[in-house]
Amino acid sequence: MEETLYGSHRSSHVTDDIEDNSSVDKFSDQSIFNSGDDTTEPNLNTYDWLSILDQLSLDKHPANFIETDLLNRELPELEMWQTFVTFDSRAVGFGVHLHHSSSNQHRGTWRPEWVCSHQGFRRRKFSCVAATPRWPRDATRCGCQASFHVLKNLSGEGWRVKKFVTEHNHNLTTPEHLYFLRSNRKVTNSQASQMRDYMSAGLRTCDIVNLMVHQSGGFERLGFTRKDAYNKEQAIHRAKIVETDAEGLLGYLTSKIDSTDPTLFVKYAIDDSNRLGHIFWADSIAQRDYMCFNNAAIVKCFPFAVYRLCGWHLSTNVATNIKLPHFTKAFSNLLYKHYNIPT
């Protein structure tokens, strides 16, 4: 859904009760600066927005910031600048993303740059109706030059602002529509845990969203859209399936060892994410066959056996790996159609 936009300057939608010389306390409303309580996102929670403003000695509303307010200002941690950019974009009313980040083996990440979500232009191939299977969406990128660029000090300690461009060439989003911007949409860990509890109680996803919207006081305070909730629900479901399949397999093999096949051999490996990586097993029948036939080929042991290929798997592999529609169609015709071979 396209966001409703108003005003092109940073101060265009600031409420009338906030003057140019307003104090920090006047713009600490959590409806704008609500970052959730996801402790896995240090750039949103480890550092407090107001404490960062105190370190920078800023007492303006973010909509009134100008280039000279931040140029060459320093903060000790990069995450503090990430927090600043996130909350500044929310207060002003635009989306933001990390556009470029230079790094090397000696200095690590040392030159990140955040830009407005309207930066650049859409590629021509995505605007051509003939090149896409559906009608292209409305273009939202209009070459906005607003950006925030920090640089790591040569000493390796501290980050300073190298460039800060505040002007936008597009309308800005009002506070009640901020949750439509991608950079402001996130299902936090606590919200995901709450969704799991409701799902285990049998509530449908649509009812869960309605309940959480009612509890938070509206979508603008919830922090995500219905589509985000459905995507999160699918991610939770997939995670359960993966975990259940792996544990179910190991449980089945363990039960066979304990009950019917004590000579069953099983060996598996767990990766760094505590997931099942590789597994190999051989039951008593497979071990006995190996002792009898060793590494004998199928043709030698079963001379009249016929090896067949699965046409569906072949077509699927072609479509997945080659990704050329005309080639996939020609390959399917070759695979399934009947041809007369002249003699």
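Each chain has its residues counted from 1, running along the sequence as written. Local features in this predicted model are restricted to residues of pLDDT 70 or higher, and side-chain atom pairs are both shown and tallied only at a pLDDT of 80 or more, whereas totals for entire chains, interfaces and linings draw on every residue. Values reported for side chains reflect all heavy atoms of the structure, with hydrogen atoms and water molecules removed beforehand.

### Examining the environment of Leu75
Strands are runs of DSSP state E lasting at least two residues, helices are runs of H or I lasting at least four, and both sets are numbered from the N terminus onward. Residue position: Leu75 is located in strand β2 (residues 74-75). Separated by 19 residues in sequence, Leu75 and Leu56 have C-alpha atoms that sit 8.0 Å apart. With near-sequence residues (within four places) excluded, Leu75 lies in contact with Ile52, Gln55, Leu56, Met80, Trp81, Gly158 and Trp159. Two residues qualify as a contact provided that any one of their heavy atoms is within 4.5 Å of a heavy atom in the partner residue.

### Re the nonpolar core
Here is a general trend for soluble globular proteins: nonpolar side chains tend to be buried in one another's company. By size, the foremost hydrophobic cluster in this structure holds 27 residues, and its most contacted members are Leu56, Leu70, Trp81, Phe84, Trp114, Phe148 and Val150. Secondary structure elements with two or more residues in this core: α2 (49-56), α4 (78-92), β4 (108-116), β5 (147-152) and β6 (159-165). Residues within four places of Trp81 in sequence aside, it is in contact with Leu56, Leu70, Arg73, Glu74, Leu75, Trp114, Phe148, Val150, Trp159, Arg160 and Val161. Formed by 14 residues, the second largest nonpolar core is a distinct cluster that contains Phe180, Val187, Ala192 and Ala229. Working definition of a nonpolar core: buried Ala, Val, Leu, Ile, Met, Phe, Trp, Tyr and Cys residues. They are joined through side-chain atoms within 4.5 Å. The rule is simple: take the accessible area with a 1.4 Å probe, protein chains only, and divide by the maximum for that residue type; under 20% is buried, over 50% is exposed, in between is partly exposed.

### Describing the packing of helix α12 (residues 311-321) against helix α13 (residues 325-336)
Between the N-to-C directions of two axes lies an angle of 0 to 180 degrees, each axis being a line fitted to C-alpha atoms and, for a helix, fitted only over the stretch in contact. With their axes 10 Å apart at the nearest point, α12 and α13 run at an angle of 165° to one another. One finds that α12 runs roughly antiparallel with respect to α13. The two elements α12 and α13 meet at a crossing, and its hand is right-handed. The segment α12 lies against α13, with Gly311, Trp312, Leu314, Ser315, Val318 and Ala319 engaging Phe327, Thr328, Phe331, Ser332, Leu335 and Tyr336. Amino acids are sorted into nonpolar (Ala, Val, Leu, Ile, Met, Phe, Trp, Tyr, Cys and Pro), charged (Asp, Glu, Lys and Arg) and polar (every other residue, Gly among them). Its residues assigned to classes, the contact of α12 with α13 comprises eight nonpolar, four polar and no charged. By the definition adopted for this analysis, an angle is roughly parallel if under 35 degrees, roughly antiparallel if over 145, roughly perpendicular if from 65 to 115, and oblique otherwise. Put simply, a crossing is left-handed when the front helix is turned counterclockwise from the back one by less than a right angle, and right-handed when it is turned clockwise.

### Brief notes about the pairing of strand β8 (residues 265-270)
Where β8 lies against strand β9 (residues 276-282), six bridges are found, and the strand directions are antiparallel. By the bridge assignment, Ile270 is partnered in β9 with Leu276. Criterion used throughout: strands pair if DSSP finds at least two bridges between them. What sits between β8 and β9 in their antiparallel hairpin is a turn of five residues, with Asn274 showing a positive phi close to 60°.

### Brief notes about the side chain of His149
Structurally, the position occupied by His149 is in strand β5. Overall, His149 belongs to the buried group, its relative accessible area being 9%. Not counting residues within four places of it along the chain, the set of residues in contact with His149 comprises Arg111, Pro112, Glu113, Arg160, Val161, Lys162 and Lys163.

### Quick notes on the packing of aromatic side chains
Only the six-membered ring of Trp is used, alongside the rings of Phe and Tyr, when aromatic pairs are assigned; centres must lie within 6.5 Å, and planes under 30 degrees apart are stacked while those over 60 apart are edge-to-face, with the rest tilted. Counted under the stated rule, the structure contains eight aromatic pairs. Ring geometry for Trp81 versus Phe148: centroids 5.4 Å apart, planes at 50°, classification tilted. With Trp81 in helix α4 and Phe148 in strand β5, this residue pair connects regions lying 67 residues apart in the sequence. With relative accessibility at 0%, the residue Trp81 sits in the buried group. Overall, the relative accessible area of 4% leaves Phe148 in the buried class. Measuring from centroid to centroid gives 6.3 Å for Trp114 and Phe148, while their planes differ by 45°, and the two rings are tilted. Of this pair, Trp114 sits in strand β4 while Phe148 sits in strand β5, and the two are 34 residues apart along the sequence. No difference in accessibility class separates Trp114 from Phe148, as the two residues are buried. Site record: aromatic cluster; members linked through ring pairs are Phe65, Trp81, Phe84, Trp114, Phe148 and Phe164. Ring-over charges, as used throughout, are those where CZ of Arg or NZ of Lys falls within 6 Å of the ring centre and within 35 degrees of the ring normal. If you follow Arg90 out to its NZ or CZ, it ends over the ring of Phe87, 5.5 Å from the centre.

Fair warning: the whole summary comes from geometry, so function is off the table for now.
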